[in-house]
Amino acid sequence: MTCIASIRPEVAAFTPYVPGLGADEVRNRFGLSQVIKLASNENPLGTSPLVQQVLRSRADTAFRYPAPGNPELTRAIAGHHGLNPARIVPGNGSDEIIDLLVRMLAVPGRHEALTFSPCFGIYSTQTALCGVTLRQTPLNPDFSFPWDSLLAMVNEQTTLVFVTTPDNPSGFCPPVGDLVRLAEALPPACLLVVDEAYMDFCDDEAAHSLLPRLDEFPNIAILRTFSKSRGLAGLRLGYGILPEIVAEYMRRVRLPFSVNALAEAAGVAALRDDVFYRETLRVVREGREQLAQGLRALGCTVYPSMANFLMFGLPASCPATMANVYTDLLARGVITRPLTSYNLPHLLRVSVGLPEENTFFLQVLGEVLAA
Ligand SMILES: *Cc1c(COP(=O)(O)O)cnc(C)c1O
C-alpha cells in the first residue's frame, strides 16, 4: 500500500474496538427472519416512550446547533444525583469521557495508566491511540479484583487508574469499602476513574457505588452512561462526575458540540422517566436470575453478576468449543458476545433480555449443547 501521508505509529499499530454484531447483519448473513440480540448490554425494554415522544416533538430543531456546554442536560444530571453542576461533563457516550481523560491527564512517554486485565476495550484503544502506556495486572481466577497487585504497580508515572464496577465482562462488583481503601492509598497526582456504567443494575447500589462518598476524596472520577439502564445507546450519551478542576478543563478541550441537541433532550427526558427506569431494573434483575438458573441447569459455569449480563463457561463434559457454540447460536438467530477480544475465548457473555428472549436463548443453547 503506497500512501504519501505519514501515519503516526500509534495509528499504524492500532487494533480497533470490536463491537457486538448487529441484528440486521445476522438476519442477512444466515437468511433468518427472527433474530434476538443479547450482545451489547442494551436495554431489553427498548427506548422509553417518554423519550420517543420528546424526540418526535424536537425533530424540527435538528437544524440548530446544541446549546454550548449542554447546560440543560448538565443541570438535569446534577439535580438527579444532588451534585454541583460544575462537576458534571456530558459526553458522546462515556467513551468520549474516557478518551478525554487519557488525553488530558497523561503525557505520552511520561505518564502511564493502570487497570486490570482483561478490561473494557476503550481503555486500551484510547491509551494506545494516545501513545500512553496502559499497564495491566491480571484479575484473580474468579474474576475478583487483585487490589494489592494493582497498588503495587502504582509509581510516580501513574496518573490514571481505571476500575470498572460492576466489571465487564464478568459482572463482578466489589464492596464499596474496597474502592475506598484504593482511593485512600493512591497518590494525590493520580485520578481514580471508576466506571459505573452498570451500577444501576446492582442489587444494593449504596453498598457498592463510590458516588455517595465522592466528597471524601479529591481525586475520583465516576463515569455513568445513558446507554444501558436508560436505553439510549444509539444516541450516544454518557457523563463524567469529575473533580471540578478536571471538569472545567474538560469543558474547554472537548469538541464543542459532541453531545447533539436531540441526545441532550432525550437525556433530560430519560432522567424524568422513572417508570421506565424502575421497570428496566426489575426486568433486568429478574431476567438475570432466570438466565443464571437456566444456565446452571444446563451445567454451565455462571459467574456472579451485578450487571445486565452474565458471563458463563460450558459444562466440563461438553466437547464443543465456545467458538463453535457461539456460531451455532448465531446460525439459530441468537447473538451473544464472544470474549476473544478479552482473551477469554472459552467464555461467552449474554445480555439479559426480555423473559421470552431469555427463554428462547436458553432453549436454543440447550439444543446446541445437545447436538
Ligand atoms: C457500555 C460501557 C460503557 C458505556 O459506553 P457508552 O460510550 O456510554 O455507550 C462504559 N464502560 C463500560 C465498561 C461499558 O461496558
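What counts and how
Residues numbered from 1 in each chain as written. Predicted model: local features only at pLDDT ≥ 70, side-chain atom pairs only at ≥ 80, totals over all residues. Heavy atoms only, no water. Helix = DSSP H or I, 4+ residues; strand = E, 2+ residues; numbered from the N terminus. Rg over C-alpha atoms; globule rule 2.2 N^0.38 Å. Contact = heavy atoms within 4.5 Å. Areas by Shrake-Rupley, 256 points an atom, 1.4 Å probe, with all protein chains shown as cover. Lys, Arg positive; Asp, Glu negative; His and termini not counted. Charge placed at Lys NZ, Arg CZ, Asp CG, Glu CD. Pairing = 2+ DSSP bridges. Axes fitted to C-alpha atoms, helices over the stretch in contact; angles between N-to-C directions. Parallel < 35°, antiparallel > 145°, perpendicular 65-115°, else oblique. Nonpolar A, V, L, I, M, F, W, Y, C, P; charged D, E, K, R; others polar. Left-handed = near helix turned anticlockwise from the far one by under 90°. Near = heavy atom within 4 Å. Polar contact = N/O pair within 3.5 Å; in protein donor to acceptor, adjacent residues only side chain to side chain. Buried < 20%, exposed > 50% of the residue type's maximum accessible area, 1.4 Å probe, protein only. Right-handed = clockwise from strand over helix to strand, strands pointing away. Salt bridge = Lys/Arg side-chain N within 4 Å of Asp/Glu carboxyl O.

Undergrad: Outline the overall build of the chain, listing residues and values.
TA: Scanning the chain for helices and strands turns up 13 helices and 13 strands. A compact globule built from 371 residues should have a C-alpha radius of gyration of about 21 Å, and the chain, at 21 Å, falls within 12% of that. Taking the principal axes of the C-alpha coordinates as reference, the chain spans close to 60 × 55 × 50 Å. A sequence separation of at least 24 residues applies to 73% of the contacts in the chain between residues at least 6 apart. A total of about 16,500 Å² of accessible surface is found on the chain, and carbon and sulfur atoms cover 55% of it. The chain carries 30 positive and 36 negative side-chain charges, and their two centres are separated by 5 Å.

Undergrad: Describe the sheet that holds strand β9 (residues 301-302), listing the residues and the values that go with them.
TA: Strands belonging to one sheet form pairs held by backbone hydrogen bonds; the direction of such a pair is parallel or antiparallel. Read across the sheet, four strands follow the order β9-β10-β13-β12 without closing on themselves; strand pairing throughout is antiparallel. Strands with a single pairing partner mark the edges of an open sheet, and in this sheet they are β9 and β12 (337-338). Note: strand β10 (residues 309-313) against strand β13 (residues 347-351), five bridges, orientation antiparallel. Looking across to β13, one finds that Gly-313 is bridged to Leu-347. Along the sheet, helix α11 (residues 274-297) contacts β9, β10 and β13; its crossing angle with β10, the most-contacted strand, is approximately 10°.

Undergrad: Outline the pairing of strand β4 (residues 133-138), listing residues and values.
TA: Consecutive residues of a regular strand have side chains that alternate between opposite faces of the sheet. Of the strand pairs in this sheet, strand β3 (residues 112-117) and β4 are connected by six bridges, and their pairing is parallel. Looking at the pairing, Glu-112 lines up with Thr-133 of β4.

Undergrad: Just give me the short version of the packing of helix α5 (residues 94-105) against helix α9 (residues 244-253), but keep the residues and values in it.
TA: Closest axis-to-axis distance for the α5/α9 pair is 11 Å, and the angle between their directions is 100°. The orientation of α5 with respect to α9, classified from their angle, is roughly perpendicular. Contacts between α5 and α9 involve Ile-97, Leu-100, Leu-101 and Met-104 on the former and, on the latter, Val-246, Tyr-249, Met-250 and Val-253. Across the contact of α5 with α9, the residue classes tally to eight nonpolar, no polar and no charged.

Undergrad: Now, about the sheet that holds strand β7 (residues 220-225): what can you tell me, with residues and values included?
TA: With respect to topology, seven strands assemble into an open sheet ordered β2-β8-β7-β6-β5-β3-β4, the strand pairing being mixed. Each edge of the sheet is formed by a strand with only one pairing partner; in this case those strands are β2 (88-91) and β4. Going from strand to strand, the sheet's axes swing by 20° on average, the running direction of each strand aside. Bridge count for strand β5 (residues 158-164) against strand β6 (residues 191-195) is five bridges, and the pairing is parallel. The partner of Leu-160 across the bridge, within β6, is Leu-191.

Undergrad: Please provide a residue-by-residue account of the packing of α5 against helix α6 (residues 121-130), values included.
TA: α6 packs onto α5 with a crossing angle of 40° between their chain directions and a minimal axis gap of 9 Å. Here α6 runs oblique to α5, going by the angle between their axes. Taken as a pair, α5 and α6 cross one another with a handedness that is right-handed. Only Ile-122, Tyr-123, Gln-126, Thr-127 and Cys-130 of α6 make contact with α5, whose side of the interface consists of Asp-95, Ile-98, Asp-99, Val-102 and Arg-103. Taken together, the residues of the contact of α5 with α6 break down into five nonpolar, two polar and three charged.

Undergrad: So what about the site of the ligand? Which residues, and what values?
TA: The immediate surroundings of the ligand are formed by 13 residues, with Asp-195, Tyr-198, Thr-225, Ser-227 and Lys-228 found nearest. A distance of 2.6 Å is found between a nitrogen atom of the ligand and a side-chain nitrogen or oxygen belonging to Asp-195. At 2.6 Å, a side-chain N or O of Arg-236 approaches an oxygen atom of the ligand. When the ligand is considered free in solution it has 390 Å² of accessible area, and contact with the protein chains removes 94% of it. Across the shell around the ligand, the residue classes break down as three nonpolar, six polar and four charged.

Undergrad: Kindly report on the pairing of β6, identifying the contributing residues and their values.
TA: For β6, the tally of buried residues reaches five of five residues, placing the bulk of the element in the interior. Residues Leu-191, Val-193 and Asp-195 line one face of β6 and the alternating positions Leu-192 and Val-194 line the opposite face, and both faces are buried. Regarding topology, helix α8 (residues 176-185) serves as the crossover connection from β5 to the parallel β6, and that connection is right-handed. Alignment of β6 against β7, held across four bridges, turns out to be parallel. Looking across to β7, one finds that Val-194 is bridged to Ile-222.

Undergrad: Give me the lowdown on α8, citing residues and values where you can.
TA: All of the buried residues in α8 are Val-176, Asp-178, Leu-179, Val-180, Leu-182 and Ala-183. Close packing links the buried residues of α8 with α7 (147-152), β5, β6 and β7.

Undergrad: So, the pattern of salt bridges: which residues are in play, and what are the values?
TA: Close approach of charged atoms allows side chains of opposite charge to pair. Going through the model one piece at a time under the given rule, you end up with 17 salt bridges. With a closest N to O distance of 3.4 Å, Arg-252 and Glu-248 form a salt bridge. Here Arg-252 and its partner Glu-248 are both found in helix α9, four residues apart, which amounts to about one turn of the helix. Owing to a relative accessible area of 40%, Glu-248 belongs among the partly exposed residues under this scheme. Between Glu-279 and Arg-282 there is a salt bridge, with the nearest N and O atoms lying 2.7 Å from each other.

Undergrad: How would you sum up the environment of Ala-221? Please name residues and give values.
TA: Mapping Ala-221 onto the fold places it in strand β7. Those residues in contact with Ala-221 that lie beyond four places of it in its chain are Leu-191, Leu-192, Val-193, Val-194, Ile-241 and Leu-242.

Remember, this is a structural readout, not a statement about activity or role.
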